[in-house]
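# Working through the structure, step by step
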Amino acid sequence: MTAAATMGAADWLQLFLYYLSLSLLAVGGAIATAPEMHRFLVERQAWLTDPQFNASIAIAQAAPGPNVLFIALLGWNVGINAGGPGLAGWLLGALGMALCMLGVMLPSSLLTWTATRWGHRNRERRGVRAFKQGMAPVVIGLLLATAWVLARAHGVPATDWPLWLLTAATTLLVWRTRLHLLWMLGAGAALGALGWV
Amino acid sequence: MTQNPTAAQRAQPRNPADLFWSFTWLALQGFGGVLAVVQRELVERKRWMTNEEFVEDWAVAQIMPGPNVVNLSIMIGDRYFGLRGALAALAGMLLFPLLLVLTLAVLYAEFSSHPAVAGALRGMGAVAAGLIAGVGIKLFASIKNHPLGRPLCALLAALTVVAMAGLRLPLFWVLPVLGGAACLLTWRKLAP
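Right, let's walk through the structure included here. Throughout this description, residue numbers start from 1 for each chain and increase along the sequence as written. Written order decides the labels, with chains lettered from A and ligands numbered from 1. Only residues with pLDDT of at least 70 are given local features in this predicted model, and only at 80 or more are side-chain atom pairs given and counted; all residues enter the totals for whole chains, interfaces and linings. With hydrogens and water set aside, each side-chain value is computed from the structure's full complement of heavy atoms.

### Focus on the overall build of chain A
Where we set the bar: Only DSSP runs of H or I covering at least 4 residues are called helices, and only runs of E covering at least 2 are called strands; the numbering of each starts at the N terminus. Relative accessibility decides the category of a residue: with a 1.4 Å probe and only protein chains considered, values under 20% of the type maximum give buried, values over 50% give exposed, and everything between is partly exposed. Throughout, a contact is declared for two residues whenever any of their heavy atoms are within 4.5 Å. Surface exposure here means Shrake-Rupley accessible area, sampled with a 1.4 Å probe, where a residue is shielded only by the protein chains that are shown. Lys and Arg are tallied as positive, Asp and Glu as negative. Neither His nor the chain termini are counted. For the purpose of locating charges, the reference atoms are NZ of Lys, CZ of Arg, CG of Asp and CD of Glu.
Regarding its fold elements, chain A presents 8 helices and 0 strands. Along the three orthogonal principal directions, the C-alpha set of chain A runs to about 55 × 55 × 25 Å. Looking at the 197 residues of chain A, the share that counts as buried comes to 50%. In chain A, of all internal contacts separated by at least 6 residues, the share reaching a separation of at least 24 is 53%. Approximately 9,200 Å² of chain A is accessible, and the part contributed by carbon and sulfur atoms is 71%. Taken as two groups, the 12 positive and 6 negative side-chain charges of chain A have centres that lie 23 Å from each other.

In structure tokens, the structure reads:
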């Protein structure tokens, strides 16, 4: 079942404007704004179904590349819903994808580009140095917190210990060796496919 | 770059096309997030930047609104070839992963029903958590000359982990409060 049958030019414009306005609010990564997108796309406009929304995030997380691509998939599915099966759906899917990605990236990218140019010209200023160096420990803490949140999804260590062991072994390998990351990911995939973890 | 004494011995991308393919290659390795791969490829393999510079860039990319990895690509690309470099790095980061993700979305129905595929994804998820943890430890080990000193840096990092992963506070509060405090302390140490 599709969520929305038709989308006029005004709807596409609204989609684009929505992502433009969301761009500057996306502090702390795109995935942090996912609940807001759910409210707008699924609950308010009914342009997407709930399973489509969840699958878009799951696929973007599982695939290589930046997680922000889940926004591209959301736009793609909005277009598929509007165009139906076949060529029309694919064309509108491409349109929805382009509008969402351009909208969410344009304002923030222009701001980042301008700000980092200014920061680079003034990199010897005490304020700029204090900002960049001072943030370092907090940013490292954020990384470790992300790793912890990802690992916590494994479940309880008592029963799901192979997954925790795999995470711990990977941590050690990355820290202590120069083994290529793809070997580790491949090993993880193989162990998972065989049902060992 | 000229003020930096180590810049002379450092490698650089040859042209925007080199940037594009480097970012494409690292994006396609980035399961569960690209950050760990950026550190491994750009710092350890290509030596375009040091660990300290990487942490500083990542901090800025994180604080600016918008997708972090998009911001990071723009910053690194712009440093070498201006706007052309920024666009080349950004296109590299997004183009092929986008095509791949679309293919996966189209094939999704078949993919999700396979137990082996679900298991492989679970295993890769566990590895992805370890990749990020390993990079975090490595980066922490690299900030030797920080103005605040090791113990205070460790405390700030630990407080961030507790606030985010333990108390699950929103980043919107954690970043200004802990980050602001860290910057202020650093500012006081950096006597003019």
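Once you've had a look at it, read on.
### What to know about the state of the cysteines
Residues and elements named next belong to chain B. Selection criterion: Any two cysteine sulfur atoms lying within 2.5 Å of each other are counted as a disulfide.
Scanning the entire structure with this criterion turns up 0 disulfides over all chains. Free cysteine: Cys153, not disulfide-bonded; nearest cysteine sulfur from Cys183 at 12 Å. When its relative accessible area of 0% is taken as the criterion, Cys153 is described as buried.

### Remarks on a nonpolar patch on the surface
How we decide: Any residue with relative accessible area above 30% and no salt bridge may belong to a patch, with like charges joined within 9 Å and the nonpolar Val, Leu, Ile, Met, Phe, Trp and Tyr side chains within 5 Å. The salt bridge definition used is simple: a Lys or Arg side-chain nitrogen within 4 Å of an Asp or Glu carboxyl oxygen.
A surface patch of nonpolar side chains, amounting to about 390 Å² of accessible area, comprises Trp21, Leu95, Phe96 and Leu99 of chain B. Examined against the element boundaries, Phe96 of chain B turns out to sit in helix α4 (residues 68-106).

### A short note on the interface of chain B and chain A
Quick reminder of the rule: Two parts placed together each lose some accessible area under a 1.4 Å probe, and the buried area is that loss summed for both. Definition of a polar contact: a pair of N or O atoms within 3.5 Å, with one able to donate and the other able to accept a hydrogen when the atoms are protein atoms, and with sequence-neighbouring residues admitted only if both atoms are side-chain atoms. Ten residue types, Ala, Val, Leu, Ile, Met, Phe, Trp, Tyr, Cys and Pro, are classed as nonpolar, four, Asp, Glu, Lys and Arg, as charged, and the remainder, Gly among them, as polar.
Facing 98 residues of chain B, the contacting portion of chain A comprises 85 residues. Of the roughly 8,100 Å² buried between chain B and chain A, counting both surfaces, carbon and sulfur atoms make up 76%. Here chain B is connected to chain A by 1 salt bridge. Across the pair Arg117 of chain A and Asp78 of chain B runs a salt bridge, and its minimum N-O distance is 2.8 Å. Between the two partners, chain B and chain A, sit 16 residue pairs in polar contact (both at pLDDT 80 or more). Counting only elements with at least two residues in the side of chain B that touches chain A, the list comes to α1 (16-29), α2 (35-45), α3 (51-63), α4, α6 (115-142), α7 (150-166) and α8 (171-189) of chain B. Its residues placed into classes, the side of chain B that touches chain A shows 66 nonpolar, 19 polar and 13 charged.

### Brief notes about the nonpolar core
Heads up, the condition is: Residue types Ala, Val, Leu, Ile, Met, Phe, Trp, Tyr and Cys, when buried and joined through side-chain atoms within 4.5 Å, form a set referred to as a nonpolar core.
The biggest cluster of nonpolar side chains holds 67 residues, and the ones touching the most others in it are Phe23, Leu42, Phe54 and Leu131 of chain B. Per-element accounting of this core gives the leading share, 10 residues, to α6 of chain B. Every residue in contact with Phe54 of chain B, bar those within four places of it in the chain, is listed here: Leu35, Val38, Gln39, Val43, Met49, Leu72 and Leu139 of chain B. Counting residues in hydrophobic clusters, the runner-up holds 43 residues, among them Ile59, Met97 and Cys100 of chain A together with Leu98 of chain B.

### Remarks on unusual backbone geometry
Positive phi, close to 55°, is recorded for Ala46 of chain A, a residue that is not glycine. Looking at the secondary structure, you find Ala46 of chain A in the loop between α2 (34-44) and α3 (50-62). With relative accessibility at 34%, the residue Ala46 of chain A sits in the partly exposed group. Phi at Arg168 of chain B takes a positive value of approximately 55°, unusual for a residue other than glycine. The residue Arg168 of chain B is located in the loop between α7 and α8 in this model.

### Let's talk about the pattern of salt bridges
Side chains that differ in sign of charge can pair as their charged atoms come close. Tallied over the entire structure, the rule returns 7 salt bridges over all chains. In this structure, Arg39 of chain A engages Glu36 of chain A in a salt bridge whose closest nitrogen and oxygen atoms are separated by 3.0 Å. Of this pair, Arg39 of chain A and Glu36 of chain A both sit in helix α2, 3 residues apart, roughly one helical turn. The exposure class of Arg39 of chain A is partly exposed, given its relative accessible area of 35%. Of the charged contacts in the structure, one is a salt bridge between Arg14 of chain B and Asp18 of chain B, with a shortest N-O distance of 3.9 Å. The network of salt bridges with shared partners includes Arg40, Glu44 and Lys138 of chain B.

### What about the packing of helix α4 (residues 69-83) of chain A against helix α5 (residues 87-121) of chain A?
All names here are of chain A. To keep things clear, this is the line we draw: Comment: axis = line fitted to C-alpha atoms, over the contacting stretch for helices; angle = value between 0 and 180 degrees taken between N-to-C directions. Definitions for this section: a left-handed crossing has its near helix turned counterclockwise from the far helix by less than a right angle. A right-handed crossing has that turn clockwise.
Contact geometry for α4 and α5: axes closest at 6 Å, N-to-C directions at 145°. Note that α4 runs across α5; the crossing there is right-handed. Touching Leu69, Ile71, Ala72, Gly75, Trp76, Gly79, Ile80, Ala82 and Gly83 of α4 are Ala88, Gly89, Trp90, Leu92, Gly93, Ala94, Gly96, Met97, Cys100, Met101 and Val104, all from α5. Along the lines of polarity and charge, the residues of the contact of α4 with α5 split into 14 nonpolar, 6 polar and no charged.

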